[in-house]
Amino acid sequence: MSKIKFSENFLWGVATASYQIEGAWNEDGKGESIWDRFSHIPGNVIKGDTGDVACDHYHRYEEDVKLLKELGIDTYRLSLSWPRIIPDGKGKTNNKGIDFYKRLTSLLRENGIKPAVTLYHWDLPQKLQDIGGWSNRDVAGYFQQYAQYCFKELGDYVSMWITHNEPWVVSFLGNWYGTHAPGVKDFSTALLVSHNLLLSHGKTVKAFRDSNCSGEIGITLNLTPLYSASDSNNDKEAAKRADGYYNRWFLDPVLKGRYPKDMIDWYSRKACVPEFTQTDLEIINSPVDFLGINYYSSGYVKEDKNEWPLEACNVETGRDKTDMGWEINPPGLYDLLLRVHKDYNGIKIYITENGRASNDIINRHGNVEDDDRLDYLYKHFIEAYRAQQSNVNLAGYYVWSFMDNFEWAEGYAKRFGITYVDYKTQERIIKKSGHWYKEVIRNNGF
Ligand code: IFM
C-alpha cells in the first residue's frame, strides 16, 4: 500500500458532548435538562444509567486536556450545556456555568488545541420543554439569544461553531420514536420540531454574522447513504424516500433553501406538515462556512407497506456489525462525501463524528487492545483520503469519541472511546486505537 498523506492543514480531532461526559448535573447553579429528567425516569435508559456523574469531566477537565495534548490532536469538539449557562433556557445567565467553559476553552488554546463548539447536543433546558420544547417556535428565538451570549463570552477562544448536532435524532428519536428525551411519540410533532430546529440554526448563523466573532459556523448532520436493495422500481422509490427522510429533509433547506418536494407531498398524505414561509426558508438557508457530517453506517432499503409512514425498511447485507448493531461499510463514506460534494456545490466538509462501539476489556497488562476499532478507523480514513483525492473539500476529521461515555438510551454499556474510562475509579487509559491515532496525526496519514 502506498503512503497516504492528507492535505496540508487537515485538522485531526476527537469529539464529545456535554451530557455524555460532564456529570455535575445539579452543581454550581446548573438547571435541569431534558436528559436529566428523561434518564431519571426508570425504564428509559438501560440499567437505569444516568449522566449524573458520567466521566466527571466537569471536575476533571484539566486532566482530560492533558490527555488530549498527549494524543496530539489539533482540535477538540465539545458541546455546551445550555442549562449550565442559562438554567431556565432564557433570561438569567449563570456565571459559574459560563466560567467553566471559559476555563476549558482557554486551557485548550494554551495547549495549542482549537476548540470546536457545538451549541446544542441535545440537553435542552427542561424549563423550555415545559412550554413545548422545540415544538414551540419561540424556543428558536431563545436559542439564538443563548448563542449570542456564548459568542460574546467565548468568541475569543472558539474557532469553529456548530449550531446543532444531528437534528434528525432530536426530531425523530426524541419526538417520534420517543427513545430519546423528551420521549414524545408523535410524527407531526417531530416534523414541527425539525422545522423549528432548522429555523433556530438559521437565526443563529445570522446572529453570528452580525457579531464580532471570527471563526467559522456550520451545522452537523448525521447522514446515511441509502441504496436500493434491488433493481425494482418500488425498492428504488423506497430508498429515495428513506434518503428524503434521513438526509435531504435537512440538507436541502439548509443548503438549498427548500424542503424536498417529494417528501412534502409524501408527508402531507400521512401527517401534518409544519407551516413555513419563504422568509423562514431564507433564514434557514443563511450561508454556512461548512457542513459537519457524522458517518457511522449505510442502509439498504426495500419497500414495506407495513412500515408507517415511509413504507420502507432496511435490509441486512451480512456485513460485520459494531456493538451497536450497525453495519460497517467504509466505502459508504466515500459515496456519501462525493454525493454531498456534487449535490451541494462543493461545500467545505468536516467529518465531525466517526467511530464504533466495541466490547472493550482491559487485559492483564492493563491495556485495551481494540484492534477492531483501529481497523474501523483505518478503513474509514482511507475512504476519506480517496474522497480528498476526488476533489471533495474535506477539511478535517473528528473521531467519536475522545473517551467512553454515556451512550444515551444505551447508558454506559456501549463504549465508543479511543480512551477507556473505568467508571468506578474514573481512571482513563488510552486504548491501542488511541495510540495508533496519535501516530496518524503526527504523520498526517499513514
Ligand atoms: O454518542 C452519539 C453522539 O452523541 C451523537 N452521534 C452518534 C454517537 C454514537 O451513537
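These remarks concern the structure in this document. What you see is a predicted model, and the numbers here were worked out from it, not measured in a lab. Residue positions are counted from 1 within each chain, in the order its sequence is given. For a predicted model such as this one, the threshold for reporting local features is a pLDDT of at least 70, and the threshold for listing and counting side-chain atom pairs is 80 or more; totals across whole chains, interfaces and linings nevertheless cover every residue. The basis for every side-chain value is the complete set of non-hydrogen atoms in the structure, without hydrogens or water.

1. As for the overall build of the protein chain
Spelled out, the test is: In this description a helix means any DSSP run of H or I spanning at least four residues, a strand means any run of E spanning at least two, and both kinds are numbered starting from the N terminus. Using a 1.4 Å probe on the protein chains alone, a residue whose accessible area is under 20% of its type maximum counts as buried, one over 50% counts as exposed, and one in between counts as partly exposed. Between two residues, a contact is recorded if the distance between any of their heavy atoms is within 4.5 Å. Accessible surface is estimated by sampling points in the Shrake-Rupley manner with a 1.4 Å probe; for residues, cover comes only from the protein chains shown. Residues scored as charged are limited to Lys and Arg (positive) and Asp and Glu (negative), so that His and the chain ends carry no count. A single reference atom marks each charge: NZ on Lys, CZ on Arg, CG on Asp, CD on Glu.
Regarding its fold elements, the protein chain presents 15 helices and 13 strands. Across its three principal directions, the C-alpha atoms of the protein chain cover 55 × 55 × 45 Å. Out of the 446 residues in the protein chain, the part that is buried amounts to 62%. Within the protein chain, counting contacts between residues at least 6 apart in sequence, those at least 24 apart form 76% of the total. Summing over all exposed atoms, the protein chain offers an accessible surface of approximately 17400 Å²; the carbon and sulfur share of this is 46%. Of the side-chain charges in the protein chain, 53 are positive and 61 negative, and the distance between the mean point of each set is 2 Å.

2. Looking at the pairing of strand β3 (residues 114–120)
For the record, the criterion: Each pair of strands is called paired provided DSSP finds at least two bridges between the two strands.
In terms of residue burial, β3 counts as a mostly covered element, since 6 of its 7 residues are buried. Two strands pair when backbone bridges link them, and strand β2 (residues 75–79) and β3 are joined in this way by 5 bridges, in the parallel orientation. Within β3, the residue paired with T75 across the bridge is K114. Both β3 and strand β4 (residues 160–165) contribute to a ladder of 4 bridges, which runs parallel. Pairing of Y120 across the sheet is with H164, part of β4.

3. Topic: empty space enclosed by the protein
For the record, the criterion: Only protein atoms enter the 1 Å grid used here, on which a cavity is any set of points holding a 1.4 Å probe that cannot leave and a pocket is any open set flanked by protein within 12 Å on both sides along at least five of seven lines; residues with an atom within 4 Å of a point are listed as lining. Grid points are joined across faces, edges and corners, and a volume is the space filled by probe spheres set on the points. By the convention adopted, Pro, Cys, Tyr, Trp, Phe, Met, Ile, Leu, Val and Ala count as nonpolar, Lys, Arg, Asp and Glu as charged, and the other residues, Gly among them, as polar.
By the definition in use, this model includes 3 cavities of 30 Å³ or more. Lining the largest cavity are 16 residues; nearest its centre among them are I34, V170, N175, A181 and P182. Mapped onto the lining of the largest cavity, the elements with two or more residues apiece are α2 (34–39) and α8 (167–175). Tallying contributions element by element places α8 first for the lining of the largest cavity, with 3 residues. Partitioning the lining of the largest cavity into residue classes produces 10 nonpolar, 6 polar and no charged.

4. Describing helix α9 (residues 187–210)
Since the α-helix turns once every 3.6 residues, residues separated by three or four places project in the same direction. To keep things clear, this is the line we draw: An expected span of 1.5 Å times one less than the residue number is assigned to each helix.
The end-to-end C-alpha distance of α9 is 35 Å, a good match for the 34 Å that 24 residues give at a rise of 1.5 Å each. By the criterion of burial, α9 is predominantly enclosed, with 17 of the 24 residues buried.

5. Section: the site of the ligand
Test applied: For this purpose, a residue is taken to be near a molecule or strand whenever a single non-hydrogen atom of the residue falls within 4 Å of it. The definition of a polar contact used here is a pair of N or O atoms within 3.5 Å, where within protein one atom must be able to donate a hydrogen and the other to accept one, and adjacent residues in sequence count solely through side-chain atom pairs. Think of it this way: a molecule belongs to a cavity or pocket when more than half its atoms come within 2 Å of the grid points there.
Taken together, the neighbourhood of the ligand is formed by Q20, H121, W122, N165, E166, Y296, W326, E353, W400, E407, W408 and F416. One of the side-chain N or O atoms of Q20 is found 2.8 Å from an oxygen atom in the ligand. The separation between a nitrogen atom of the ligand and a polar side-chain atom of E166 is 2.8 Å. Surface burial for the ligand is 96%, taken as the share of its 280 Å² of free accessible area covered by protein chains. In a pocket analysis with a 2 Å cut-off to the grid points, the ligand is assigned to the largest pocket. Across the shell around the ligand, the residue classes tally to 6 nonpolar, 3 polar and 3 charged.

6. Digging into the sheet that holds strand β11 (residues 394–400)
Short version of the rule: Only the stretch in contact is used when fitting a helix axis, every axis being a line fitted to C-alpha atoms; angles between N-to-C directions are given from 0 to 180 degrees.
Overall, parallel pairing links the 8 strands, which are arranged β1-β2-β3-β4-β5-β7-β10-β11 in a closed barrel. In this sheet, neighbouring strand axes are inclined to one another by 25° on average, regardless of whether the strands run parallel or antiparallel. Relative to strand β5 (residues 216–222), α8 is tilted by about 40°, and along the sheet it contacts β3, β4 and β5. Running over the sheet, helix α15 (residues 432–443) touches β1 (11–15) and β11 and is turned about 155° from β1.

7. What to know about the packing of aromatic side chains
The following threshold applies: What counts as a ring pair is set by centres within 6.5 Å for rings of Phe, Tyr and Trp (its six-membered ring), and what kind of pair is set by the plane angle: stacked under 30 degrees, edge-to-face over 60, tilted for all other angles.
Applying the stated criterion across every chain yields a total of 59 aromatic pairs. Residues Y19 and W35 carry aromatic rings whose centres are separated by 6.1 Å and whose planes lie at 35° to one another, so their mutual orientation is tilted. Taken together, the residues Y19 in helix α1 (residues 18–21) and W35 in helix α2 connect sequence positions 16 residues apart. Residue classification places Y19 among the buried residues on the basis of a relative accessible area of 5%. Between the aromatic rings of Y296 and W326, the centroid separation amounts to 5.4 Å while the plane-to-plane angle is 65°, which identifies the pairing as edge-to-face.

8. So, the layout of surface pockets
A volume near 1300 Å³ is recorded for the largest pocket. Together, 45 residues line the largest pocket, and W168, L173, T224, Y246 and W326 are the ones closest to its centre. For the lining of the largest pocket, the elements supplying multiple residues, two or more each, are α8, α10 (233–256), β8 (299–303) and β9 (312–314). When its residues are assigned to classes, the lining of the largest pocket shows 24 nonpolar, 13 polar and 8 charged. Quantified by volume, the second largest pocket comes out at close to 180 Å³.

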